[in-house]
Amino acid sequence: MMISKLFGVCAVAAALAVSTASAAPVLIGNSSLDGVSLSDSDIQAVLLGKNVSLGGKRVVIVVAKASDGQEAFLKSKIGKTGSQFNNHWRKLFMTGGGVAPTQVAAESDVVSVVAATSGAIGIVDDSLVGGLPVVGK
Amino acid sequence: MKQKIGAIIAMSILLGSSSFGAGSWKGIQFGGFVSQGYLENTGDNDYLGETSEGMYDFREYAANASYAIGEWRIGAQVFGQKLGNYGNDELSLDWATIDYQPSQWFGVRAGRVKTPRGLYNEALDVDSIRPFVLMPQSVYDARLRDFNASFDGGMVFGNVEIGDSNSVDYKLYYGEVPMKLNSGASDYFNTDFPLPNTRIGMDTARGGSLFWNTSIEGLRLGYSSSVFKDFGMDRIITAWPGEPTYYKVTSGYKRQLFSAEYSTGDWVFAIEGGGDSALYDLGYIGAPSAGTQDVAVDYGYVSVSRRLNEKFEMGAYYSYSKESSVFDTDENIVAPDFEQKDISVSIRYDLNYNLLFKLEAHYMDGSGKIFSTPAYPQPVENRDNSWTLFAVKTTYTF
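The rules we used
- Residues numbered from 1 in each chain as written.
- Chains lettered and ligands numbered in written order.
- Predicted model: local features only at pLDDT ≥ 70, side-chain atom pairs only at ≥ 80, totals over all residues.
- Heavy atoms only, no water.
- Helix = DSSP H or I, 4+ residues; strand = E, 2+ residues; numbered from the N terminus.
- Rg over C-alpha atoms; globule rule 2.2 N^0.38 Å.
- Buried < 20%, exposed > 50% of the residue type's maximum accessible area, 1.4 Å probe, protein only.
- Contact = heavy atoms within 4.5 Å.
- Areas by Shrake-Rupley, 256 points an atom, 1.4 Å probe, with all protein chains shown as cover.
- Lys, Arg positive; Asp, Glu negative; His and termini not counted.
- Charge placed at Lys NZ, Arg CZ, Asp CG, Glu CD.
- Salt bridge = Lys/Arg side-chain N within 4 Å of Asp/Glu carboxyl O.
- Polar contact = N/O pair within 3.5 Å; in protein donor to acceptor, adjacent residues only side chain to side chain.
- Pairing = 2+ DSSP bridges.
- Patch = residues over 30% accessible without salt bridge, like charges linked within 9 Å, V, L, I, M, F, W, Y side chains within 5 Å.
- Expected span 1.5 Å × (residues − 1).
- Axes fitted to C-alpha atoms, helices over the stretch in contact; angles between N-to-C directions.

Tell me what's going on with the overall build of chain B, and back it up with residues and numbers.
In terms of regular secondary structure, chain B is built from three helices and 18 strands. Taking 398 residues into account, the globule formula puts the C-alpha radius of gyration at 21 Å, and chain B, at 22 Å, falls close to it. Projected onto the principal axes, the alpha-carbon positions of chain B cover approximately 65 × 45 × 45 Å. Put simply, chain B has 398 residues, and 52% of those count as buried. Residue pairs in contact within chain B that sit at least 24 positions apart in sequence constitute 63% of those at least 6 positions apart. Carbon and sulfur atoms make up 59% of the accessible area of chain B, which totals about 16900 Å². The distance from the centre of the 33 positive side-chain charges to the centre of the 50 negative ones in chain B is 6 Å.

Right, here's the structure in full:
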């Protein structure tokens, strides 16, 4: 009886661990960016519009309108909340400093737009990556 | 004016909306904003317009388009405003640029370019990125908007990584600032002797900004500087026989500004301080110099803002400015110091991604930033020195 309870607890813990691991947000890229691997400072430069090309392609940033994973990734990699990230790009876009990210409804839309757009990158849960290259994590 | 704003709103609706831009068509991205405000103060001072009576002449609107391919980007924005006597709801080209950026550390931008100065100068019109209705007027005087906003010329820019999570953003520019006689700048530089300007301008403008993004997350430190070469103006003294033309010109009008911003969580702290200086040569055209005027303006502010939740953001600042003039002429001219302190509290409400409302209150100690112009005299001795200004504004961004 005790052994079966312990087994049950271990199974739940293992499931939670898998669940936690699968919730890790990553930066995916269009297939044109296959082979590109970005360091933290590279990710920061690209997401803030300071570096506008990768692998010879113009970077197109694709963001979901609301996503907990995206929020966590932005906070971790560029130190900005989603609201501050929006403000940063509104400032650039309205003052001639850059072309703003493309906004879509959900992470699943990020995947489809990134897949269809040369040079595109986007932040999604690693369970949604599919066959697209992961360019940063 | 209503037709212009209506056309801009119609375009935004037609193109749909998102948090960043109104939409795109064949890779061309569109966006813009429309804002309308109200200003009223206690007492008889008229600050940014006829604010003692309450003033609705406080609005801005803009529409832009951008297109990028490879290392190139082109874009332009038209802008209109009304701020008291300035702007007059005339549309003008705010920025129109072509960029070539082959690498992270080097890019070139040419055309009509937003002027880099301090933390917020390039984005002064972008209401949607801050809680304040009026930015600290000591550094970002709304009446100098045309003068501060952009220049015609070229700029090099880039971001240089210097190791250990540090990097430097640099922008260096050269060009000239187009100036109009009916602009706020024309009045701003005409407060010593309020005579009508018949010319105002400069030969060249040059300067730039340097920002160090430190390894302390959220902390950046900056320095901005600019010099306007052969900056000056001519005035006609209508009260004198023959209406002689009086000139005031400096070989270099110099500005500098030190900046620091720290962003942590939902908080943003900022502090900026600096000054303007110029040694003007004074006289009558065709006659020997009549003397000099040494002008020094010191200014600065400290601000804090906090995003409370998805809907609300609050902010507050303390702002200070002082302008002094020392004349060296045959006539014994003594100019008063123009000093003003401003304590401000703001709250912003976001109805949705696109529409926001702001409320703001200012307590003003001093009246040094009140204009006394030929068209609207407000002599120092007639001003209230302790007064309160209220501001309300709504902005639709598309």
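That shown, we press on.
Quick one: what's the story with the pattern of salt bridges, residue by residue and with numbers?
All names here are of chain B. Here the structure, examined in full by the defined rule, presents 29 salt bridges over all chains. In this structure, Arg112 engages Asp152 in a salt bridge whose closest nitrogen and oxygen atoms are separated by 2.7 Å. Remark: Asp152 occurs in strand 7 (residues 150-163) and Arg112 occurs in strand 6 (residues 106-114); sequence separation between them is 40 residues. A salt bridge links Lys322 to Asp337; the shortest N-O distance between them is 3.7 Å. With Lys322 in strand 15 (residues 312-329) and Asp337 in the loop between strand 15 and strand 16 (338-350), this pair connects stretches of sequence that are 15 residues apart. With relative accessibility at 44%, the residue Asp337 sits in the partly exposed group. One continuous salt-bridge network, built from bridges that share partners, spans Glu60, Asp127, Arg130, Lys358 and Lys393.

Describe the interface of chain A and chain B, listing the residues and the values that go with them.
The interface of chain A with chain B comprises 29 residues on the first partner and 45 residues on the second. Two residues, A:Lys50 and B:Asp169, come together in a salt bridge whose shortest N-O distance is 3.1 Å. Applying the counting rule to chain A against chain B returns nine residue pairs in polar contact (both at pLDDT 80 or more). Those elements that provide at least two residues to the side of chain A that touches chain B are helix 2 (40-47) and helix 4 (82-94) of chain A. When residues in the side of chain A that touches chain B are grouped by element, the largest group, 10 residues, is from helix 4 of chain A.

Give a description of the pairing of strand 14 (residues 289-307) of chain B that names residues and reports values.
Residues and elements named next belong to chain B. Sheet analysis places strand 13 (residues 267-284) next to strand 14, joined by 17 bridges and oriented antiparallel. Bridging from a neighbouring strand, Gly275 pairs with Asp298 of strand 14. Between strand 13 and strand 14, which follow one another and run antiparallel, lie four residues, and Gly286 among them has a positive phi close to 90°. Inspection of the sheet shows strand 14 paired to strand 15 by 17 bridges, in the antiparallel sense.

An account of a negative patch on the surface is requested, with residue identities and associated values reported.
Residues and elements named next belong to chain B. Judged by side-chain charge, Glu40, Asp44, Glu50 and Glu53 come together as a negatively charged surface patch. Mapped onto the secondary structure, Glu53 falls in the loop between strand 2 (28-41) and strand 3 (58-69). By relative accessible area, which is 64% here, Glu53 ends up exposed.

Tell me what's going on with helix 4 of chain A, and back it up with residues and numbers.
Residues and elements named next belong to chain A. Here helix 4 contains 13 residues, and its C-alpha end-to-end distance of 18 Å stays within 8% of the 18 Å for a straight helix at 1.5 Å per residue. Burial analysis of helix 4 places 11 of its 13 residues in the buried class, which makes it a mostly covered element. Looking only at helix 4, the buried set comprises Gly82, Gln84, Phe85, Asn86, Asn87, His88, Trp89, Arg90, Leu92, Phe93 and Met94. Taken from the residues just after helix 4, Gly96 is the one with a positive phi, measuring 80°.

Lay out the pairing of strand 10 (residues 204-213) of chain B with the relevant residues and their values.
All names here are of chain B. Strand 10 sits mainly inside the fold: seven of its 10 residues count as buried. Where strand 8 (residues 166-176) and strand 10 come together, nine bridges link them in antiparallel fashion. Within strand 10, the residue paired with Leu172 across the bridge is Gly208. As consecutive antiparallel partners, strand 10 and strand 11 (residues 219-236) are separated by five residues, and within that stretch Gly218 has a phi angle of approximately 90°, a positive value.

Provide a residue-level description of unusual backbone geometry, including the pertinent values.
Residue and element names in this part refer to chain B. For Lys26, which is not glycine, the phi torsion reads 55° and is therefore positive. Looking at where Lys26 falls in the secondary structure, it is placed in the loop between strand 1 (23-25) and strand 2. In this structure Lys26 comes out as exposed when scored by relative accessible area, which is 68%. Of note in this structure, Asp230 is not a glycine but carries a positive phi near 50°. Take Asp230: it is sitting in strand 11.

Provide a residue-level description of the sheet that holds strand 6 (residues 120-125) of chain A, including the pertinent values.
Residues and elements named next belong to chain A. Across the sheet, five strands lie side by side as 5-4-6-1-7; this open sheet has mixed pairing. Across the chains shown, the open sheet's two edge strands, defined by having one partner strand only, are strand 5 (102-104) and strand 7 (134-136). Taken pair by pair, the neighbouring strands of this sheet meet at an average axis angle of 35°, ignoring direction. Two strands pair when backbone bridges link them, and strand 4 (residues 60-64) and strand 6 are joined in this way by three bridges, in the parallel orientation. Across the sheet, residue Val62 finds its bridge partner in strand 6, namely Gly122. Running over the sheet, helix 2 touches strand 1 (25-29), strand 4, strand 6 and strand 7 and is turned about 115° from strand 6.

Coordinates in, geometry out; function isn't part of it.
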